[in-house]
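Chain and residue survey
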Amino acid sequence: GAGVSQTPSNKVTEKGKYVELRCDPISGHTALYWYRQSLGQGPEFLIYFQGTGAADDSGLPNDRFFAVRPEGSVSTLKIQRTERGDSAVYLCASSSRLKGYTFGSGTRLTVV
Amino acid sequence: QQQVKQSPQSLIVQKGGISIINCAYENTAFDYFPWYQQFPGKGPALLIAIRPDVSEKKEGRFTISFNKSAKQFSLHIMDSQPGDSATYFCAASDDYKLSFGAGTTVTVRA
């Protein structure tokens, strides 16, 4: 596609539930990133994929968070046992070289 | 630990005026300094970027000034327009990972 697509655009879930957030990167982009943006803050790095493998997952806050990219294209961010503090906008970005990020519009996650 | 500090938090400027946003960093390994523009409900979009081997870069009405010795860089928006009303983020990177400032909300009054 023309840009990075993220679905759903909004997700409301109950505390303790499991959620999956999807990212479709720009076709041909080998690098994919997940960031989290809390209200009034800049995005914070979560994880970086180069191809199918997670090259750096140091930003994942705890083991409730997990991300996959099985075929080197679409990625899914998975959050188990959601907590109210997980509420934020989750941004995905892709690039064909290290510096040229294109962000998607994000998924706004609200945990009630 | 915030690696990039951004100020002001918000600013209001009249149409045709100049908006100035400042950022400071500590990590001397940073070698790439982009600025992003974000509208409500959208992801950040790359506006302009600079590397530390130059002190200034201009693209249209947007200019980055970079002071390597002071570890500071700034964005100047010349002839500000109502359509420039958005949140602006500075960022810095030494590899693939971007460290963002907290953002500046710019409001341009017509």
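Up top is the structure.
The paragraphs below set out a description of the structure included in this document. (Residues numbered from 1 in each chain as written. Chains lettered and ligands numbered in written order. Predicted model: local features only at pLDDT ≥ 70, side-chain atom pairs only at ≥ 80, totals over all residues. Heavy atoms only, no water.)

What about the overall build of chain A?
For clarity, the cut-off: What counts as a helix is a DSSP run of H or I of at least four residues, what counts as a strand is a run of E of at least two, and both are numbered from the N terminus. Restricting the calculation to C-alpha atoms gives the radius of gyration, and the globule rule supplies 2.2 Å times the number of residues raised to the power 0.38. Per-residue accessibility, obtained with a 1.4 Å probe over protein chains only, is compared with the maximum for each type, and a residue is labelled buried under 20%, exposed over 50%, and partly exposed between these values. Only the protein chains shown count as covering a residue, and every accessible area follows the Shrake-Rupley method with a 1.4 Å probe. None of His or the chain ends enter the tally, which takes Lys and Arg as positive and Asp and Glu as negative. The atoms used to mark charge sites are NZ of Lys, CZ of Arg, CG of Asp and CD of Glu.
Of the regular secondary structure elements, chain A holds zero helices and eleven strands. Written out in order from the N terminus, the α and β elements of chain A read β-β-β-β-β-β-β-β-β-β-β. Taking 13 Å as the expected radius of gyration for a compact globule of 112 residues, we find that chain A reaches 13 Å, a close match to that expectation. Within chain A, the proportion of its 112 residues that are buried is 46%. Total accessible area computed for chain A in this model is approximately 5300 Å², and 47% of it derives from carbon and sulfur atoms. Across chain A, the 13 positively charged side chains and the 10 negatively charged ones have centroids separated by 4 Å.

Some remarks on the environment of Arg64(A)
Residues and elements named next belong to chain A. Let me state the cut-off plainly: Contacts are assigned to residue pairs with any non-hydrogen atoms lying within 4.5 Å of each other. The term polar contact refers here to a pair of N or O atoms within 3.5 Å; inside protein, the definition further demands a hydrogen-donor-capable atom paired with an acceptor-capable atom, and it admits residues adjacent in sequence only when both atoms are side-chain atoms.
You can see arginine 64 is positioned in the loop between strand 6 (53-56) and strand 7 (65-68). Taking the C-alpha atoms as reference, arginine 64 lies 4.9 Å from glutamine 80; in sequence the two are 16 residues apart. Once residues within four sequence positions are removed from consideration, arginine 64 is found in contact with Lys78, Ile79, Gln80, Arg81, Thr82, Glu83 and Asp86. Engagement of the side chain of arginine 64 in a polar contact is seen with the backbone oxygen of arginine 81, the distance being 3.2 Å. A distance of 2.8 Å separates a polar atom in the side chain of arginine 64 from a polar atom in the side chain of aspartate 86.

Overview of the sheet that holds strand 8 (residues 75-79) of chain A
Residue and element names in this part refer to chain A. Selection criterion: Being paired, for any two strands, means DSSP has found at least two bridges between them. To define axes, lines are fitted to C-alpha atoms, for helices over the stretch in contact only, and angles between the resulting N-to-C directions are given on a 0 to 180 degree scale.
The strand order across the open sheet formed by four strands is 1-3-8-7, and the pairing between neighbours is antiparallel. Bordering the open sheet on either side are strand 1 (5-7) and strand 7, each of which pairs with just one other strand. When the angles between neighbouring strand axes are averaged without regard to direction, this sheet yields 15 degrees. Strand direction decides the pairing type here: strand 1 and strand 3 (residues 19-24), joined by three bridges, are antiparallel. Looking across to strand 3, one finds that serine 5 is bridged to aspartate 24.

Some details on the state of the cysteines
What counts here: Our working definition of a disulfide is a cysteine sulfur pair at a distance within 2.5 Å.
In this structure the tally under the stated criterion is two disulfides over all chains. Note that Cys23(A) is cross-linked by a disulfide to Cys92(A), the S-S spacing being 1.9 Å. Torsion about the S-S bond of the Cys23(A) and Cys92(A) cystine: about -65 degrees, corresponding to left-handed handedness. One end of the pair, Cys23(A), is in strand 3; the other, Cys92(A), is in strand 9 (residues 88-95), and 69 residues separate them in sequence. Note on Cys23(A): relative accessible area 0%, which makes it buried. Owing to a relative accessible area of 0%, Cys92(A) belongs among the buried residues under this scheme. In this model Cys23(B) forms its disulfide with Cys90(B); the gap between the sulfur atoms is 1.9 Å.

Keep in mind that these numbers describe shape and distance, not what the molecule does.
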